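Reading the structure
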Amino acid sequence: MWRIRCFEERVARLKRTLQVHGLIHLSIGGEGVAAAVCRQLRDDDAVYSGHRAHGHAIAKGAPLDKLMAELMGRAGGLCRGLGGSMHLVDREHGLLGATGVVGGNIPLALGNALAARVRASDEVTVVFFGDGAVQAGHFNESVNLAALWELPVIFVCENNGFAEFTPRSAHTPVARVADVVAPYGFDRETVQGSDVPAVFEAFAAFLRAARGGHGPMLLECLTHRRRGHYEGDQQRYRDATAEEQWEQRDPLARLRSQATAQGWLDEPTLDGLEREARAEVDTAVEVARASPFPDPGLPTQLVYASA
Amino acid sequence: MAREIPYIAAINEAIHLEMARDEDVLYFGQNLATTENDEFVKSFGHDRVRVTPISETAEIGIAIGAALAGLRPVVELYMAEFMLVAMNQVVNEAPRFRYMSGGRVKVPLVLKAGYGFTAGWAGQHTGSIYGMFMGVPGLKVALPATAADAKGLMATAIRDDNPVCYFHHYLLTLEPGDVPEGEHLVPFGEAAVRREGGDVTIVATGWMVGKALAAAESLAAEGLSAEVIDPRTLVPLDIATILTSVEKTGRVVLVDQAPRHASASAVIAAEIADRGFSSLKAPIKQVTALDATIPYSEPMEAYVLPDEEKIAGAARQVLGSAPVTA
């Protein structure tokens, strides 16, 4: 979680000085979900993500230096500088794809689960999306087919209450995403996204079932986006009071107090984790800066696979 | 050994053979495999042959995800227009993934859709919409005009490592033709010269190939020799064969069932103007559908579409035996 937090704080700074290029969406405040879910997955389990993907990529194992190099548009980037922040693919670690159109990733995840079914493999597919995707057709078509075909896919909705710049209440009369899928009869649960052990336990139960070939399931994590929809967003739509409340629900602060109260980890160890994460991010930035920009002719070579 | 079978049977034969050859090939779509007597279900089972609900976005999206996982899905979409329901998946997901990953993944899938059903199906089931997919880097576009090509292009599409839009023409569905038995592959990007001639080059696709050949026949009766070229795939486009023919004839008529401003012929005309201008002895003529939605009533439908007479008329104009008009 500290690795995600430190990475994204650094990305925000690099974006302000234009060392990171293009459209950037940060997940600060929502790291707990990525960490609690992806930590439990194997490299051959697939994750599909959306435009706010850095956290999922890091938690799934993408190397920070390659990720930073991608965001800085360098040849050594995860996708050789062709994808950028919203289109991350790290096949080696099972990040099969982040895709930039809200909800466009959901049916793709079903395809991966179908492949696992056809090949009688126990691989599990997880798809992350926000509450904004739920009102789109992709979600509803996919939920129906996943239920009909009983695919081993776990839908993980990060419900941060905002679809881009608009509150959920302006999009739908249905308060909880878990209620949207109720008629399909599959297992679903809503948890506080900042309560990392709660996310971990709820997901663990779903993962056991999916590993056994069951599915689909939906885990709704009530979370928060501490920053704007994108870096540079003026956030005039924000409620100042809610901001203060959310300060207290920061998943890192919350996990820290849970960890010390329960005796899982002591303060010096926790401080060490943060220091290590910051050092790793410093190194990642150095490595990324040392990577050259890609050959401008690369795009024409990659439009088509050769066969 | 070749034997005569209908265009549609040739397509099905290709899919069947490829599914038998490679267990990674899946086939799914609406109204498919609804009975146990279905030839595909009997041969390959419901795991690989699936009926889907009317959910184009999910069908195509699942195919992309399955392709990224290493399978080779063929999606039965019936009508080309149904792809429009799922344009995000067709345009923004399938052809972008390989590229945006820096070439680290591939998306081998076939989107099979019929088009051009101009037999009173009116405005929403008759479109010749392949032109819009030519403008999407990463997609390939196949347009078979004969039963043999219907088989050979489908087999090649399934083996291709890229997303392929395979558009079969509904008015050719029952058209018989000699089709090789067993494995038959037609390479992408190789145009077929359907008729050789020295006076004018006519380029046509799909159902229009037959119209162009009929026009060439009537021109021959007037002593005019037309060469008819069928590109077979629009992406990749075999512009070299077309330019070679234009060098010989110096005159071109481009025939396309699509509305002019969304046609493949507009792209081919631009390529000829760009690369073959010095060969031209007359302006390039395009015989396309009008820039109008296909109407329902038969005389209006005929008015909007290209036909043999319009093609022959355009050829006479570029040959100077009739005045060139807009």
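What you are looking at is a predicted structure, and each value in this text was computed from that prediction instead of being measured.

A tally of regular secondary structure across chain B gives twelve helices and 14 strands. Out of the 326 residues belonging to chain B, those deemed buried represent 61%. Of the contacts formed within chain B by residues at least 6 apart in sequence, a portion of 78% connects residues at least 24 apart. Total accessible area on chain B stands at roughly 11,900 Å², and carbon and sulfur atoms take up 54% of it.

For chain A, the helix and strand inventory stands at twelve helices and eight strands. Taking 307 residues into account, the globule formula puts the C-alpha radius of gyration at 19 Å, and chain A, at 19 Å, falls close to it. Considered along the principal axes of its C-alpha atoms, chain A spans approximately 55 × 50 × 40 Å. For chain A, the residues scored as buried account for 56% of the 307 residues in total. Sequence separation of at least 24 residues holds for 72% of the intrachain contacts in chain A that already meet a minimum separation of 6. For chain A, the accessible surface area stands at approximately 12,500 Å², while carbon and sulfur atoms represent 50% of it. Across chain A, the mean location of the 32 positive side-chain charges is 3 Å away from that of the 39 negative side-chain charges.

To continue, consider the sheet that holds strand β11 (residues 226-230) of chain B. All names here are of chain B. Pairing is mixed across the open sheet formed by five strands, whose spatial order is β9-β11-β10-β13-β14. Edge positions in the sheet fall to β9 (192-195) and β14 (285-289), since each of these pairs with one other strand and no more. Each strand axis lies, on average, 25 degrees off the axis of its neighbour in the sheet, ignoring direction. The pairing of strand β13 (residues 252-259) with β14 spans five bridges and is parallel. Each bridged residue has a counterpart across the sheet, and for Leu254 the counterpart in β14 is Gln286.

All right, on to the interface of chain B and chain A then. When the parts of a complex come together, some accessible area is lost, and that lost area is often taken as the interface size. Counting residues at the interface gives 43 residues for chain B, matched by 38 residues for chain A. Buried area between chain B and chain A, summed over both chains or domains, comes out near 3,500 Å², and the portion from carbon and sulfur atoms is 62%. Three residues, Ile62, Tyr99 and Met100 of chain B, lead the burial of chain B against chain A; their summed loss comes to 19% of the area buried on that side. Linking chain B to chain A there are one salt bridge. Residue Arg119 of chain A is joined to Asp24 of chain B by a salt bridge in which the shortest nitrogen-to-oxygen separation is 3.8 Å. Elements represented by at least two residues in the side of chain B that touches chain A include exactly β2 (25-30), β3 (49-52), α3 (56-68), α4 (87-93) and α5 (97-100) of chain B. When residues of the side of chain B that touches chain A are assigned to their parent elements, the largest contribution, nine residues, is made by α3 of chain B. For the side of chain B that touches chain A, the per-class residue count stands at 19 nonpolar, 14 polar and ten charged.

All names here are of chain A. Their axes nearest at 12 Å, the elements helix α1 (residues 2-16) and helix α4 (residues 64-71) cross at an angle of 25 degrees. Our classification of the angle between α1 and α4 gives roughly parallel. Seen from above, α1 lies across α4 with right-handed handedness. Contacts from Arg3, Phe7, Arg10, Val11 and Leu14 of α1 reach α4 at Leu64, Leu67, Met68 and Leu71. A per-class count over the contact of α1 with α4 returns seven nonpolar, no polar and two charged.

A separate point is the pattern of salt bridges. All names here are of chain B. What the rule picks out here adds up to 33 salt bridges over all chains. Notably, a salt bridge pairs Arg159 with Glu18, separated by 2.9 Å at the nearest N-O pair. Residue Arg159 is found in helix α7 (residues 147-159), and its partner Glu18 is found in helix α1 (residues 7-21); the two are separated by 141 residues along the sequence. The exposure class assigned to Glu18 is buried, which follows from its relative accessible area of 4%.

All right, on to the nonpolar core then. Met68, Val126, Phe129 and Phe155 of chain A together with Phe167 of chain B are the most contacted members of the largest nonpolar core, which totals 128 residues. Of all the elements, α3 of chain B adds the most residues to this core, at eight residues. If we ignore the near neighbours within four places in the chain, the residues touching Phe167 of chain B are Tyr7, Ala80, Met83, Ala113, Tyr115, Tyr130, Phe133, Val141, Ala142, Leu143 and Pro144 of chain B.

It is worth spelling out the pairing of β14 of chain B at this point. Two faces make up the sheet, and in a regular strand the side chains alternate between them. Counting buried positions over the five residues of β14 of chain B gives five, a clear majority of the element. Note on the crossover from β13 of chain B through helix α10 (residues 264-275) of chain B to β14 of chain B: the handedness is right-handed.

On to the packing of α1 of chain A against helix α11 (residues 267-290) of chain A. Residue and element names in this part refer to chain A. Here α1 crosses α11 at 45 degrees, and the two axes come no closer than 8 Å. It follows that α1 is oblique to α11 by the angle criterion. Pair α1 / α11 crosses with right-handed handedness. Here Trp2, Arg3, Cys6, Phe7, Glu9, Arg10 and Leu14 of α1 come into contact with α11, specifically with Leu273, Glu274, Ala277, Arg278, Glu280, Val281, Asp282, Val285 and Arg289.

Before going further, it helps to spend a moment on a nonpolar patch on the surface. Residue and element names in this part refer to chain A. Side chains of Trp264, Leu265 and Leu273 sit close together on the surface and give an oily, nonpolar patch of about 280 Å² of accessible area. By the element assignment, Leu265 lies in the loop between α10 (251-262) and α11. Using a relative accessible area of 33% as the deciding quantity, one classes Leu265 as partly exposed.

Attention shifts here to helix α6 (residues 137-149) of chain A. All names here are of chain A. The terminal C-alpha atoms of α6 lie 18 Å apart, and with 13 residues this matches the ideal 18 Å at 1.5 Å per residue to within 8%. Within the span of α6, buried status applies to His138, Phe139, Glu141, Ser142, Val143, Leu145, Ala146, Ala147 and Trp149. Just downstream of α6, Glu150 is the residue with a positive phi angle, here 50 degrees.

What follows concerns unusual backbone geometry. A cis geometry characterises the amide bond from Gly215 of chain A onward to Pro216 of chain A, with omega recorded as -5 degrees. In this structure, Pro236 of chain B follows Val235 of chain B across a cis peptide bond, with omega equal to -5 degrees. Despite not being glycine, Arg80 of chain A has its phi angle at roughly 60 degrees, a positive value. Looking at where Arg80 of chain A falls in the secondary structure, it is placed in the loop between α4 and β2 (95-98). Here Arg80 of chain A falls in the partly exposed class, since its relative accessible area comes to 28%. Phi at Ala122 of chain B takes a positive value of approximately 60 degrees, unusual for a residue other than glycine. Position of Ala122 of chain B relative to the elements: it lies in the loop between β5 (109-115) and α6 (130-134).

Quick look at the pairing of strand β10 (residues 200-203) of chain B now. Residue and element names in this part refer to chain B. Covered by surrounding structure in β10 are Val200 and Ile202 together with Thr201 and Val203, the residues of both alternating faces. With four bridges joining them, β10 and β11 adopt parallel strand pairing. In the strand pairing of β11, Thr201 is matched with Glu227. Handedness of the β10-helix α8 (residues 207-221)-β11 crossover: right-handed. Bridge count for β10 against β13 is three bridges, and the pairing is parallel. Note on β13: the bridge partner recorded for Thr201 is Val252.

Rules of the game
- Residues numbered from 1 in each chain as written.
- Chains lettered and ligands numbered in written order.
- Predicted model: local features only at pLDDT ≥ 70, side-chain atom pairs only at ≥ 80, totals over all residues.
- Heavy atoms only, no water.
- Helix = DSSP H or I, 4+ residues; strand = E, 2+ residues; numbered from the N terminus.
- Buried < 20%, exposed > 50% of the residue type's maximum accessible area, 1.4 Å probe, protein only.
- Contact = heavy atoms within 4.5 Å.
- Areas by Shrake-Rupley, 256 points an atom, 1.4 Å probe, with all protein chains shown as cover.
- Rg over C-alpha atoms; globule rule 2.2 N^0.38 Å.
- Lys, Arg positive; Asp, Glu negative; His and termini not counted.
- Charge placed at Lys NZ, Arg CZ, Asp CG, Glu CD.
- Pairing = 2+ DSSP bridges.
- Axes fitted to C-alpha atoms, helices over the stretch in contact; angles between N-to-C directions.
- Buried area = accessible area lost by both parts, 1.4 Å probe.
- Salt bridge = Lys/Arg side-chain N within 4 Å of Asp/Glu carboxyl O.
- Nonpolar A, V, L, I, M, F, W, Y, C, P; charged D, E, K, R; others polar.
- Parallel < 35°, antiparallel > 145°, perpendicular 65-115°, else oblique.
- Left-handed = near helix turned anticlockwise from the far one by under 90°.
- Core = buried A, V, L, I, M, F, W, Y, C linked by side-chain atoms within 4.5 Å.
- Right-handed = clockwise from strand over helix to strand, strands pointing away.
- Patch = residues over 30% accessible without salt bridge, like charges linked within 9 Å, V, L, I, M, F, W, Y side chains within 5 Å.
- Expected span 1.5 Å × (residues − 1).

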